[in-house]
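# Residue-level structural notes
The lines below spell out each chain.
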Amino acid sequence: MLNIVVCVKAVPDPKEACNIKIDPDTKTLLRCDVPLVLNPLDKNAMEAALQLKTQFEAHISVLSMGPPEAGNIVKECLALGADQGFLLSDPAFGGADAFATAFTLAKGIEKIGSFDVVFCGMASSDGSTEWVGPEIATFLDLPVVTLVKEIVDCDGASWKVKASVENGYRLMQVELPAVFTVTREVNTPRTLSFSGIIKARKKEIEQWGINELGVTHETVGLKGSPTIVSELNAQEENKRQAEMISGTRDEKADVLVQKLVDAGVL
Amino acid sequence: MGTDHSAVWVIAEQIDCHLQSVSLQLIGRARKLADQLQTSVEVILLGDNIEQQARQLIAAGADRIYLGNAPELEVYQPELYTEIVVKLAAEHQPEIILIGSTDMGRELAPLVAARLKTGLTAHCIDFVLDKELILEQRIPAYGGLLSIVCPEKRPQMATAAKGVFPTPEPDDSRTGETMMIDIPDHLPGRIKTLEIIREEPQGVPLESAATIVAGGAGAGDNDGWNDISELAETLNAALGSTRPAVDEGWAELETMIGQSGKMVSPEVYIGVGLSGEQQHMVGIVGARVMIAVTMMPNHRYLSRWITALLMTAVSLFRN
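Conventions used here
- Residue numbers here run from 1 along each chain, matching the order of that chain's written sequence.
- Each chain gets a letter, beginning with A, and each ligand a number, beginning with 1, in the order they are written.
- Selection of residues for local features in this predicted model requires a pLDDT of at least 70, selection of side-chain atom pairs for listing and counting requires 80 or more, and totals for whole chains, interfaces and linings are taken over all residues.
- Numbering goes from the N terminus for both helices and strands, where a helix is a DSSP run of H or I of at least four residues and a strand is a run of E of at least two.
- Three exposure classes are used, based on other C-beta atoms lying within 10 Å of a residue's own C-beta, which is placed from the backbone: buried for 20 or more, exposed for 12 or fewer, and partly exposed in between.
- The contact criterion used here is simple: two residues whose C-beta atoms, placed from the backbone, lie within 7 Å are in contact.
- The globule rule used for comparison is 2.2 Å times the number of residues to the exponent 0.38, while the radius of gyration itself is calculated over C-alpha atoms.
- Pairing between strands is defined by DSSP: at least two bridges between them are needed.
- Residue ranges for the domains originate in an automatic or database domain assignment.
- Note on residue classes: Ala, Val, Leu, Ile, Met, Phe, Trp, Tyr, Cys and Pro are nonpolar, Asp, Glu, Lys and Arg are charged, and everything else, Gly too, is polar.
- Convention adopted: a line fitted to C-alpha atoms gives each axis, helices being fitted over their contacting stretch, and angles between N-to-C directions are expressed from 0 to 180 degrees.
- In this scheme, roughly parallel covers angles under 35 degrees and roughly antiparallel covers those over 145, while 65 to 115 is roughly perpendicular and the rest are oblique.
- Crossing handedness follows the turn of the near helix against the far one: under a right angle anticlockwise gives a left-handed crossing, and clockwise gives a right-handed one.

### Details of the overall build of chain A
- Of regular secondary structure, chain A possesses seven helices and 15 strands.
- Overall, the C-alpha framework of chain A stretches about 65 × 45 × 40 Å when taken along its three principal axes.
- Looking at the 266 residues of chain A, the share that counts as buried comes to 45%.
- For chain A, restricting intrachain contacts to residue pairs at least 6 apart in sequence, the fraction spanning at least 24 positions comes to 70%.

If you want it as structure tokens, here you go:
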């Protein structure tokens, strides 16, 4: 039995992320009711787990840390085919940087118990740090491969994977248990099916807070974070404005061609 | 050297014995920070047959090189590289460690940071010392600029991409010391780099392209993206993209321009079907001509464009 943990994150919908602004007076984030969705690259992490399940006898646990609303994306993963869902949610976890997030998720993975493989998306669309996967691996004292774009050989306890490097790839050999962060190239995520949604209704999501994880306040959330945001500055407006071209399609196309001729491109 | 602060470190990177330009650029920046802190710049370089490269690092501004020069260090090996850096950092307690946002750096940096139980800031676009001489690590976010600090834990660690800082002029008269480091043994041996395969990049490389056509979410679908790609080809331009275009699966990750992608400095930049979000715009440095084809210009950054054609990407290509 292959035990797989997939770590997922609820992020503000990337399609509406441009609506999140900084309040110039209070210097806090104005989220403007941007809905939380499953982080796009975490869909690839889920898919990697689901594809293994078609090859081997496998059990998929999906794990997230976030506000209670993040339970929806755990539910979504259950509907995609995960067997069990876990949400780490506690006011004490709020304000965590990548370090504290990885620490808390690692504690969650330890509490889930036996596992062979941990999958994460290579980055989240909101934070874009790429640190959580490798830092989870460090806290669990496991090997990690980041930027995995192909699982070449997953028979047995020693895997071969291809990971992205500039203009190519590196072929890595890794002993399980191990952590992998995946890129978009690793697979094409499936979409939700109606039967999956129906089945997921019966699956429970277990919610754990600071007491269930047995960690102290000092190690999680803002208090457990080595880094803090010291300043949030709204960008200064620049006085110069662009020349705005309107008119018919042909007129605009003519302007574009003329500009490209002037610039020496054409 | 003063003794107020311990050193500013850079973890350098070589590929086939060629130093990565981001390593030199970070040394240039580290030099300025170290001068302000009245301390030294120290650089870790790991590889095989790289004595000459150590000289280049000194010419770029380093005072001391920790050189690991052995066949087993020829290519990045996660366990070995992490162990070496962690051991050296624990011994010498640097104030700051800067690492290039390369594919290696983005894996090695968090492995080192978590072991040292310190913070790590990704994809910085500037480093400034505040009044207390704490490193403000600046990143663009949500139409503004965030300053991240790591007030208590040391070292303060951050990554920055190639092209964020200028490459320093080499000064061959500079002197520095090179210290050979021991290669640790008794590693768990749970992970191994078997081989690294690199291919010649296809088409015009983004970083050195004189003209760039970049597309965004406004491409709408695969066909729309192909139109933008064709425009790039017609103009003999490199093709760039924004994160939404990559997330949609139209564009390759390697084409992404911006804070977490590539930094580019073309003469002419044409953005098609993109709003001009800050995370993308910070990746474009010094373009003389900036043309937007967009229905939804981000008004906060309108000033970055010279010309904006108010039309959809789709209507540019099809009647």
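Now that the structure has been shown, we can carry on.
### Observations regarding the overall build of chain B
- Along its length, chain B carries eight helices and 18 strands.
- For 319 residues, the compact-globule estimate of 2.2 N^0.38 gives 20 Å, and chain B sits close to it at 21 Å.
- Dimensions of chain B along its principal axes, counting C-alpha atoms only, are 65 × 45 × 40 Å.
- Going through the 319 residues of chain B one by one, you find that 58% of them count as buried.

### Some remarks on the pairing of strand β17 (residues 289-293) of chain B
Residues and elements named next belong to chain B.
- Among the five residues of β17, four are classified as buried, and the element is accordingly described as predominantly covered.
- Pairing of strand β16 (residues 268-272) with β17 involves five bridges; the strand directions are parallel. Pairing of valine 272 across the sheet is with valine 293, part of β17.
- Alignment of β17 against strand β18 (residues 307-309), held across three bridges, turns out to be parallel. In the strand pairing of β18, valine 293 is matched with leucine 309.

### Concerning the interface of chain A and chain B
- Taken together, the 63 residues of chain A in the interface contact 62 residues of chain B.
- The greatest single-element share of the side of chain A that touches chain B, amounting to eight residues, is contributed by strand β11 (residues 168-175) of chain A.
- Sheet topology note: the β11 of chain A/strand β13 (residues 191-198) of chain B ladder contains seven bridges and is antiparallel. Looking at the pairing, glutamine 173 of chain A lines up with lysine 192 of chain B of β13 of chain B.

### Here we look at the domain arrangement of chain B
Residues and elements named next belong to chain B.
- Here the domain parsing of chain B yields domain 1 (8-180) and domain 2 (206-317).
- Residue-level contacts link nine residues of domain 1 with ten residues of domain 2.
- For the side of domain 1 that touches domain 2, a count of residues per class yields five nonpolar, three polar and one charged.

### Concerning the pairing of strand β9 (residues 135-141) of chain B
Residues and elements named next belong to chain B.
- Counting buried positions along β9 gives six out of seven residues, so the element sits mostly inside the fold.
- By the bridge criterion, four bridges tie strand β8 (residues 126-129) to β9 in an arrangement that is antiparallel. Bridge pairing in β9 places phenylalanine 127 opposite glutamine 137.
- Counted between consecutive antiparallel strands, the loop separating β8 from β9 contains five residues, among which leucine 133 sits at a positive phi close to 65 degrees.
- For β9 and strand β10 (residues 144-149), the ladder comprises five bridges, and the chain directions are antiparallel. Looking at the pairing, glutamine 137 lines up with isoleucine 148 of β10.

### Quick notes on unusual backbone geometry
- Cis peptide bonds are those with omega within 30 degrees of zero, and the linkage from leucine 176 of chain A to proline 177 of chain A qualifies with 0 degrees.
- Its place among the elements puts proline 177 of chain A in the loop between β11 and β12 (178-182).
- A cis amide bond, omega -5 degrees, links arginine 154 of chain B with the succeeding residue proline 155 of chain B.
- Residue position: proline 155 of chain B is located in the loop between β10 and β11 (156-160).
- Although it is not a glycine, aspartate 16 of chain B sits at a positive phi angle of roughly 50 degrees.
- Positionally, aspartate 16 of chain B belongs in the loop between β2 (14-15) and β3 (18-19).

### With respect to helix α2 (residues 51-60) of chain B
- Of all the residues in α2 of chain B, the buried ones are Ala54, Gln56, Leu57, Ile58 and Ala60 of chain B.
- Where α2 of chain B ends, the next residue or the one after it, glycine 61 of chain B, has phi of about 135 degrees, a positive value.

### Things to note about the packing of helix α3 (residues 98-112) of chain A against helix α4 (residues 132-139) of chain A
All names here are of chain A.
- Two elements in contact, α3 and α4, have axes separated by 8 Å at closest approach and are oriented at 50 degrees. Between α3 and α4, the crossing angle belongs to the class labelled oblique. The chirality of how α3 crosses α4 is right-handed. Between α3, through Ala98, Phe99, Thr101, Ala102, Phe103, Leu105 and Ala106, and α4, the contact on the second element is made entirely by Val132, Glu135, Ile136 and Phe139.

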